[in-house]
Amino acid sequence: MDKKLMDLNQIKEILKGMLTEKRYVHSINVANCAREMAKIYGEDEEKAYLAGVVHDCAKYFKNDKVEEYVKKYNIELDELETGNISLSHSVIGAYVAKYDFKIDDEDVISSVRYHTTGKVDMNLMEKIIYIADLIEVGRDYPGVEELRELVSNGKLDDAMIKSFDNTIALMLKKGNTIHPRSVAARNFMIIKRKEENSKKNDK
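Calculation notes
Residues numbered from 1 in each chain as written. Predicted model: local features only at pLDDT ≥ 70, side-chain atom pairs only at ≥ 80, totals over all residues. Heavy atoms only, no water. Axes fitted to C-alpha atoms, helices over the stretch in contact; angles between N-to-C directions. Helix = DSSP H or I, 4+ residues; strand = E, 2+ residues; numbered from the N terminus. Parallel < 35°, antiparallel > 145°, perpendicular 65-115°, else oblique. Left-handed = near helix turned anticlockwise from the far one by under 90°. Contact = heavy atoms within 4.5 Å. Nonpolar A, V, L, I, M, F, W, Y, C, P; charged D, E, K, R; others polar. Patch = residues over 30% accessible without salt bridge, like charges linked within 9 Å, V, L, I, M, F, W, Y side chains within 5 Å. Areas by Shrake-Rupley, 256 points an atom, 1.4 Å probe, with all protein chains shown as cover. Salt bridge = Lys/Arg side-chain N within 4 Å of Asp/Glu carboxyl O. Lys, Arg positive; Asp, Glu negative; His and termini not counted. Charge placed at Lys NZ, Arg CZ, Asp CG, Glu CD. Buried < 20%, exposed > 50% of the residue type's maximum accessible area, 1.4 Å probe, protein only. Phe/Tyr/Trp six-rings, centres within 6.5 Å; stacked < 30°, edge-to-face > 60°. Core = buried A, V, L, I, M, F, W, Y, C linked by side-chain atoms within 4.5 Å. Expected span 1.5 Å × (residues − 1). Polar contact = N/O pair within 3.5 Å; in protein donor to acceptor, adjacent residues only side chain to side chain.

Points about the packing of helix H9 (residues 156-174) against helix H10 (residues 180-202)
Two quantities define a packed helix pair, namely the angle between the axes and the distance from one axis to the other.
Okay, step 1: Where H9 meets H10, the closest approach of the two axes is 10 Å, and the angle between their N-to-C directions is 140 degrees. Between H9 and H10, the angle is such that the two are oblique. When the axes of H9 and H10 are compared, the crossing they make is left-handed. Two secondary-structure elements touch here, H9 through Asp157, Asp158, Met160, Ile161, Phe164, Asp165 and Ile168 and H10 through Ser182, Val183, Ala185, Arg186, Met189, Ile190 and Arg193.
Okay, step 2: Considered class by class, the residues forming the contact of H9 with H10 number 8 nonpolar, 1 polar and 5 charged.

And the structure:
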């Protein structure tokens, strides 16, 4: 346990040099929120906390740093991620978590990778980090309380779908592109929910 704690403290110290103070506070807030969600939904609390701490580690990478990592690890960024750190930081951050922070847990790495867009058939850890990023205590925007209430009432999938709806609606309103992974993630969850409801009605 002491070794894990020391490793986590080292990661936090490194992150302080990589992030703004505001973003570091956000990361700790996400970690705390993720740990609380892990308690509710039966996920590993330490892993959820760690994933929350590191999820934004590549948020402030400049173009040359992005290129360095892309070349070093043969990272494939799609056309929407290329030149867009708002999207690419999650993909690159997964490699930072794995190779710089020596995190070998695939759930943690994957939850960092998909915390911005989501993906089809997300596992519990991925959902927790995705939502914790949106509802941590420092977040204040229209609709955040509804998401918090859904999460606290055990309705994580409902919160996921609602958050996808909110994000897609906002991007449409702004005239921005929508990443296909987000659309696919939402569609997958909608179809799955319809199938589950259909099975219930058949009984």
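Side note on the environment of alanine 48
Okay, step 1: With respect to the helices and strands, the residue alanine 48 is situated in helix H3 (residues 45-54).
Okay, step 2: C-alpha separation for the pair alanine 48 and glutamate 79, spaced 31 residues apart in sequence, amounts to 30 Å.
Okay, step 3: Beyond its immediate chain neighbours, meaning those up to four positions away, alanine 48 contacts Ala34, Arg35, Ala38, Met125 and Ile129.

Details of a negative patch on the surface
Okay, step 1: Together, Asp64, Glu67, Glu68 and Asp100 make up a negatively charged patch on the protein surface.
Okay, step 2: Along the chain, glutamate 68 falls in helix H4 (residues 63-73).

Some remarks on the pattern of salt bridges
Okay, step 1: By the definition in use, this model includes 12 salt bridges.
Okay, step 2: Its salt-bridge partner being glutamate 126, residue lysine 119 comes within 3.7 Å of it at the nearest N-O pair.
Okay, step 3: Of the charged contacts, one joins lysine 127 and aspartate 157 as a salt bridge, the two residues approaching to 2.7 Å between their closest N and O atoms. Remark: aspartate 157 occurs in helix H9 and lysine 127 occurs in helix H7 (residues 124-135); sequence separation between them is 30 residues.
Okay, step 4: Judged by its relative accessible area of 32%, aspartate 157 falls in the partly exposed class.

Structural notes on the side chain of serine 27
Okay, step 1: Along the chain, serine 27 falls in helix H2 (residues 21-41).
Okay, step 2: According to the relative accessible area criterion, serine 27 is buried, its value standing at 1%.
Okay, step 3: Discounting residues that sit within four places of it in the chain, serine 27 has contacts with Leu19, Gly52, Val53, His55 and Asp56.

Here's the deal with the packing of aromatic side chains
Okay, step 1: Enumeration according to the criterion identifies 6 aromatic pairs in this entry.
Okay, step 2: Taken together, a centroid distance of 5.9 Å and an interplanar angle of 45 degrees make the contact between tyrosine 69 and tyrosine 73 tilted. Of the two residues, tyrosine 69 and tyrosine 73 are both situated in helix H4; the distance of 4 residues between them amounts to about one turn of the helix. With respect to class, tyrosine 69 is no different from tyrosine 73; both count as buried.
Okay, step 3: Ring geometry for tyrosine 73 versus tyrosine 95: centroids 5.9 Å apart, planes at 25 degrees, classification stacked. You can see tyrosine 73 sitting in helix H4 and its partner tyrosine 95 sitting in helix H5 (residues 85-100), a full 22 residues away along the chain. One exposure class covers both tyrosine 73 and tyrosine 95, and it is buried.

Concerning unusual backbone geometry
Okay, step 1: Although it is not a glycine, asparagine 74 adopts a positive phi angle of roughly 50 degrees.
Okay, step 2: One non-glycine residue, aspartate 121, lies in positive phi territory at about 55 degrees.
Okay, step 3: Residue position: aspartate 121 is located in the loop between helix H6 (106-113) and H7.

Observations concerning the nonpolar core
Okay, step 1: Formed by 58 residues in total, the largest nonpolar core has its most connected members in Leu15, Met37, Val53, Val54, Ile103, Ile131 and Ile135.
Okay, step 2: When residues of this core are assigned to their parent elements, the largest contribution, 9 residues, is made by H2.
Okay, step 3: Leave out the neighbours within four places in its chain, and methionine 37 touches Ile128, Ile131, Ala132, Ile135, Val151 and Leu156.

Considering H7
Okay, step 1: Compared with the 16 Å implied by 1.5 Å per residue over 12 residues, the 16 Å span of H7 between its first and last C-alpha is a close match.
Okay, step 2: The buried fraction of H7 is high, at 11 of 12 residues.
Okay, step 3: Taken together, the buried positions of H7 are occupied by Met125, Glu126, Lys127, Ile128, Ile129, Tyr130, Ile131, Ala132, Asp133, Leu134 and Ile135.
Okay, step 4: Taken together, the buried residues of H7 touch H2, H3, H6, helix H8 (144-152), H9 and H10.
Okay, step 5: Between the side-chain oxygen at the start of H7 and the backbone nitrogen of methionine 125 there is a gap of 3.2 Å, and the oxygen is on asparagine 123.

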